[in-house]
Structure formats: structure tokens, C-alpha cells
Amino acid sequence: MATSLPKIDLNAWFADLTDQFKDLNPREPGQWPLAPKLASGLAVTALVAVLGYVFVLSDVQAELEAARDREPQLRSDFQNKLAQAVNLPELRKQKSQVEEYVTQLEKQLPGKAEIDSLLSDISSAGVGRGLQFELFRPGQELVKDYYAELPISVRVSGRYHDIGSFAADVSNLSRIVTLHNLVVLAPTGARDANGPLSMEATARTYRYLDKAEIDEQKKAKAAAKAKGGKP
């Protein structure tokens, strides 16, 4: 024998539900009927969820978006570092070669005690080519960060080929010497094309600073910076 389901009067149910929301005392929510309690609980839950998103999850979302924006750059950096790691032995080899090259260049810079010897070598190079020195005057030394530059005013006279050989000899010295502002002139009123010429130039040689000089440079810079930073 089949049992019939009880009939629900929806109108009566809605009417009862509506009546539960009438004459509610906001000061005594504990006395409210079940329906208002459930509705207020859902409303509070929804409000907490909205406030939590606004004040908490929105910041997290912004951080997530920022992290996503950084991802391509981080991926590129990772690939570059990975390539460097793979080539690390070759990079170390290149670094060693560069350091060796720098050391060789430093050896070509005379020390403070070797400047006099270098000046003598320059003079000997000219005399050895039969040139007459009319001027050989070292100038004021210019101190840089890690080296010093010494200009030397030079004026010699002699045959054209001897002057050219002298310039080549200077460039082939074991220490670095460069020639600047070369001017080659024939004597005033000279008629012989093969006669003696006069060459004026500035020879520049360089020397490395010793540790005491480097320390003094650093102290001077620090003092100047401190003085400049004062009001």
C-alpha cells in the first residue's frame, strides 16, 4: 500500500517565515526565531568575507600579481646565471688571463725609484741615434688614482731618419713611454733638403703608485668628501 507524501502549504510556510522577521528586538538577538538567526548569521559571515577580502586578500592578490610580473625577469636572470654556471670554468680561465695581462702591464710601469733610470734610457736612445738634445725637461708629475703621469718636454735635432728611429726606439722601451704633440721642423732658411731637422714633442711615462701613496690618496679623498659634506 503506497503512502502519500504530506502536502506542504507554501503560502502558510512563507507567511510563517515572514512573521518571524516581524517585531524583532535588535537588542535581544538571542530571543529571535530561528529564521532571523540564520539570516543574520549568513549576513555576518558574508560581511566578514567581504571585509577579509578587502583588507587582507586584496593585499595578497596585489603581491601575487607583482610576483607574476617579476616572473619573466627572474626567469631571464636564472637563465643567464645558469649559462654563467655552465661556462664557469671558461670564465675562470678568462679571468686568470686578464689578471696575467694586467700584471704584465703593471710590470711595464716603472716604480718611483726607476724613473731616473727610465729618463736616462730615453736620453740614451736619442744620443745613440746621433741626435742633439736641445731640451730635455721633466715636468710636474700628475698623480691619478693608481698611477702617476710624468710629462717630459723634448726637443732634438738631427737627420730625418735618425729622428724616426729615435721615436721607434722610445716606443720599444721596456717601460711604457708615449710621444705626443710631435712637431718636426726644418731650420729657418735651410736650403739642404737632407740637412738636420728639429723635433719637438712631449714624452709621457707612467709609474704605479706604491702602497703609501695610494693610502695617502684615499685619505685625501676621504677628507675632501667629509669637508664637502659639511653644511
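Parameters and conventions
Residues numbered from 1 in each chain as written. Predicted model: local features only at pLDDT ≥ 70, side-chain atom pairs only at ≥ 80, totals over all residues. Heavy atoms only, no water. Salt bridge = Lys/Arg side-chain N within 4 Å of Asp/Glu carboxyl O. Helix = DSSP H or I, 4+ residues; strand = E, 2+ residues; numbered from the N terminus. Buried < 20%, exposed > 50% of the residue type's maximum accessible area, 1.4 Å probe, protein only. Expected span 1.5 Å × (residues − 1). Arc of directions from axis to C-beta. Contact = heavy atoms within 4.5 Å.

1. Examining the pattern of salt bridges
- Under the definition given, this model contains 7 salt bridges.
- A salt bridge links Glu65 to Arg68; the nearest nitrogen and oxygen atoms lie 3.4 Å apart. Note that Glu65 and Arg68 are positioned in helix α2 (residues 34–86) at a spacing of 3 residues, about one turn of the helix.
- With a shortest N-O distance of 3.3 Å, Glu134 and Arg155 are connected by a salt bridge. Note that Glu134 is positioned in strand β1 (residues 132–138) and Arg155 in strand β3 (residues 147–158), a separation of 21 residues in sequence.
- A residue is classified by how much of its surface remains accessible, and Glu134, at 45% relative accessible area, is partly exposed.
- Overlapping salt bridges, with partners in common, bring together Glu134, Arg155 and Glu200 in one network.

2. Topic: helix α4 (residues 115–128)
- Here α4 is 14 residues long and its end C-alpha atoms lie 20 Å apart, about the 20 Å a rise of 1.5 Å per residue gives.
- Within the span of α4, buried status applies to Ile115, Leu118, Leu119, Ile122, Ala125 and Gly126. All buried residues of α4 fall inside an arc of 120 degrees around its axis, so they share one side. Along α4, exposed side chains directed more than 90 degrees from the buried face belong to Asp116, Val127 and Gly128.
- Where α4 is buried, its residues contact β1, β3, α5 (160–171), β4 (177–185) and β5 (197–208).
- Looking at the residues trailing α4, positive phi occurs at Gly130, about 80 degrees.

3. Regarding unusual backbone geometry
- Backbone geometry places Asn181, a non-glycine residue, at a positive phi of 55 degrees.
- Structurally, Asn181 is set in strand β4.

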